[in-house]
Each structure stands twice: as structure tokens, then as C-alpha cells.
Amino acid sequence: MVLQLFKKSQMWRKPDLKNRYEVVIIGGGVHGLSTAYHLGKLGLTDVAVIDKSYLGGGGSARSTAIIRANYLTPEGIPFFRESHKMYENLSQELDFNLLFNQMGRLDLGHTDSAVYWLNVRAGFNQLLGVNSRVIGPNEISELVPVLDLRKGKTMPVLAALYHPPAGVVRHDAVVYGYARAADRMGIELHPFTEVTGIIKSNGRVTGVQTNSGQISAGTVVSATAGWSSTISTMVDLDLPITTYPLQAFVTEPLKPFLDKTISSANLHAYAYQTDRGEVVIGGPVDPYPTYSQRATMNMLEDLSVFILKLLPILKPAKILRQWAGLCDMTPDYAPILGKVEGLDGFILNCGWGTWGFKAAPIAGKTVAELVATGQTPKLIQPFGLDRFENGRLVNERAAATAAAIH
């Protein structure tokens, strides 16, 4: 009886790994699972999602899960706008409460140059259907009374880009929601299955080698975030990606005092308060590339100094925990999505840097459409790998705000 109840409470099945699938997705985080779910919606269910760890145990588990669409470029804004719209309805679609809290966001400007670029972003946002506008210190103070506007100090707050529909979501809930929905469609989920090699034949990827045996596949999708460059070496592909750690920490639970996410590129910090009262605090990626996911005291000190310049109210707060994740950074701070020229059957979903979580719904949908039809959807055509050869870079660095390399 207990065993029967346990089986009924399981989120997804534990099937035996087959030796062939129509599609194999490497990476069981939000991007891999979103892709699988959307393949299922298109009628493709002979799909296996494999991951060397537990589902959502990579970048998805180490994200601060801020959802926004206030980017800079005419390529990036429509993409993230559509992803944001999908998040607004995703709880209902997956029949799973994702705890999406649309609390709004303020990107702070402390210099004339910073305010200029906030105005540029606001203009592009409004032209392309994203709700954001530049506001002054008085309105900023009304929205976030505890914020130090730094009058008479270095880096005073001169303005902010206000993005009301932005919010935060529970990272594990998104993973579980996608995984459960994909499993119910008949798609197989295989955690703790590590890819040790990728099989090629006559310029085409035909399968993967794993620690559980060889798997043949019609299409292989790589959705492995910070590990994308290591996976690509298995097909002799040198991706223009450098992997950096990104660290964050949370305070002990506090009484509610902050109901917006705030971010400052000049002071290298961002923060928001969770429903449980913890304050999530992050900043720039580490200044050196590495695959280490160990948090450091140096960065904890830096982030503490950065955020106290904006929120001095936090000075007596105790730190609860700290963590680090991996960011796959491209030269133009934009993702790589699509086919690889000269390598049929291999699809890339990578290069997300610090904003992969917010892109998962639309990235999964468009990559699934590419797999199903063989045609690259218009929305992701600017993000092809070939842009680094033909010089059509996207340049989203200005929208990276606090998380950019400093």
C-alpha cells in the first residue's frame, strides 16, 4: 500500500533507457525540459532528456530567476518579450503553481551616461511593445522608500528604468512543472545519465555515448548552459563561449520591506525580497573564467559592500547561504540558437550568460519548432552561430546591467 501511494506521488516515471530515440536532448534544466515539452506539444514524443545530475541541478538550481523583457536590441527585445508573455500564463498551462510574482523592476542610473542608455532602452522597449519607462528620484523613492538615493554621495541615483511587469519565479517549480508535463506526454526523463561522447558519421550527428550505453538519435540538442563548450568539443566544434561563475547569496528572513527588484550596473548589485522574507543579492560574474561552482569569501564581501550602498537597512542582517553557478558568456552577450553549418542533426541552445532562465519558455518553443520542421523560426534567426563569422553580432551587453563583467 505504501509503495502504491509512493508511485502515485511521483512527479515523473523512471523508464529504462532505450538504444534509440527520435530526439535526444542533452541537459535536464529549464531549457532542455522546455524544449522537450514543446516537442511533445508538436506531437514528437519519442524524446529522451538526459542529464549527468538530477533534473534542474545545473544552472537552473543556481539561478536567481528574475523574469524581465527590458532588453536593448531589436533582436533581443521581441525574443524576451515573448518569453515573458509565456511566463505570465505558464502556471495555468502546466497546471502547476510556479509562484510567479510580478513585482516590477528598477534598473538604476547613477551617471549621465547610464541615464542616456536607460532612455535608449526605454525608447526601444516602448517601440517594440515592452512596458518600461524612465522615472526620476521622486518616483523611485515612492516605489522603494528604503533605497538610498545617495544624495551628496558618489554615484547618486539620478533615474531608473521602471519595468512594471518584471518579476521573479520559483526556479525549482518551473523545472518540476515542465518535467511533469513532458513526462505525461510520454517523453522520457533520464537524470544521472552522463554524455561521454557524441557519435558522428559523414558530417552528421547520429547519437550519443553515455555512461549507460550508446543511444542513436535522429537529432541531438545541446542545452547544457555553462558546459556547452565542453559538449561542443565532442563534435570538434569550438564555440565562442567563455564560462564564468556567477555568485549570489540570501539573507535571513526579514519583515517585508522591498517589493521591487532593483539593479545597479554602476554599483554592481541587484536585489529583491522573496515571499519568505529572504533578500536575494547578486552582482557581476567573477572576473576570471573557470568551471568552479564554489562560492568565495571575496565575492561575498564585494556583494555585501555593493548592496549596502543602496540598501543600508540590511547592515544588521545575517547571511543565510551563498552559492555559485556557471554562465556561458558569448562576445556579444546574446545566445546561440540553431543549427551548426556542416553538422546535420545537431542543434545548439546555449550562450545564455546571466539570463537563461527568463528565456526558457520561448527558447524551448522555437528550438522545438526548428527540430520538428527543419526551419529556423524568424524570432531566433539573429542568434545563429554563423553571426560570429559574418559580423552580425547582436550586442546585448548594455542590458546585462549588474551581472556584466566588471
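Heads up: these notes are all about the structure in this document.

Criteria and cut-off values
- Residues numbered from 1 in each chain as written.
- Predicted model: local features only at pLDDT ≥ 70, side-chain atom pairs only at ≥ 80, totals over all residues.
- Heavy atoms only, no water.
- Helix = DSSP H or I, 4+ residues; strand = E, 2+ residues; numbered from the N terminus.
- Buried < 20%, exposed > 50% of the residue type's maximum accessible area, 1.4 Å probe, protein only.
- Contact = heavy atoms within 4.5 Å.
- Axes fitted to C-alpha atoms, helices over the stretch in contact; angles between N-to-C directions.
- Parallel < 35°, antiparallel > 145°, perpendicular 65-115°, else oblique.
- Left-handed = near helix turned anticlockwise from the far one by under 90°.
- Nonpolar A, V, L, I, M, F, W, Y, C, P; charged D, E, K, R; others polar.
- Pairing = 2+ DSSP bridges.

With respect to the helices and strands, H31 occurs in helix α2 (residues 30-41). For H31, a relative accessible area of 8% translates into the label buried. Beyond its immediate chain neighbours, meaning those up to four positions away, H31 contacts A223, N349, W352, G356, A359, A360 and A363.

Between two packed helices, what matters for the description is the angle formed by their axes and the separation of those axes. Closest axis-to-axis distance for the helix α3 (residues 76-94)/helix α6 (residues 171-184) pair is 10 Å, and the angle between their directions is 45 degrees. Regarding the angle of α3 to α6, the classification is oblique. In the packing of α3 onto α6, the handedness of the crossing is left-handed. Residues Y87, L90 and L94 of α3 form the contact with α6, whose own contacting residues are V174, G177, Y178, R180 and A181. A per-class count over the contact of α3 with α6 returns 6 nonpolar, 1 polar and 1 charged.

A word on the pairing of strand β15 (residues 279-285). Among the 7 residues of β15, 7 are classified as buried, and the element is accordingly described as predominantly covered. Of the pairings in the sheet, the one linking strand β12 (residues 242-251) to β15 comprises 4 bridges and is antiparallel in character. Of the residues in β15, the one forming a bridge with V250 is V280. Note: strand β14 (residues 269-273) against β15, 4 bridges, orientation antiparallel. Across the sheet, the residue bridging to Q273 is V279, located in β15.

This part takes up the sheet that holds strand β5 (residues 133-135). With mixed pairing, the 8 strands of this open sheet are ordered in space as β5-β6-β4-β13-β14-β15-β12-β16. Each end of this open sheet is capped by a strand with a single partner; those strands are β5 and β16 (319-329). Sheet twist, expressed as the average angle between the axes of neighbouring strands with direction ignored, equals 20 degrees. Running over the sheet, helix α4 (residues 112-127) touches β4 (105-109), β5 and β6 (159-163) and is turned about 25 degrees from β6. In this fold helix α8 (residues 297-310) packs onto β4, β12, β13 (261-264), β14, β15 and β16, with an angle of close to 115 degrees to the strand it touches most, β15.

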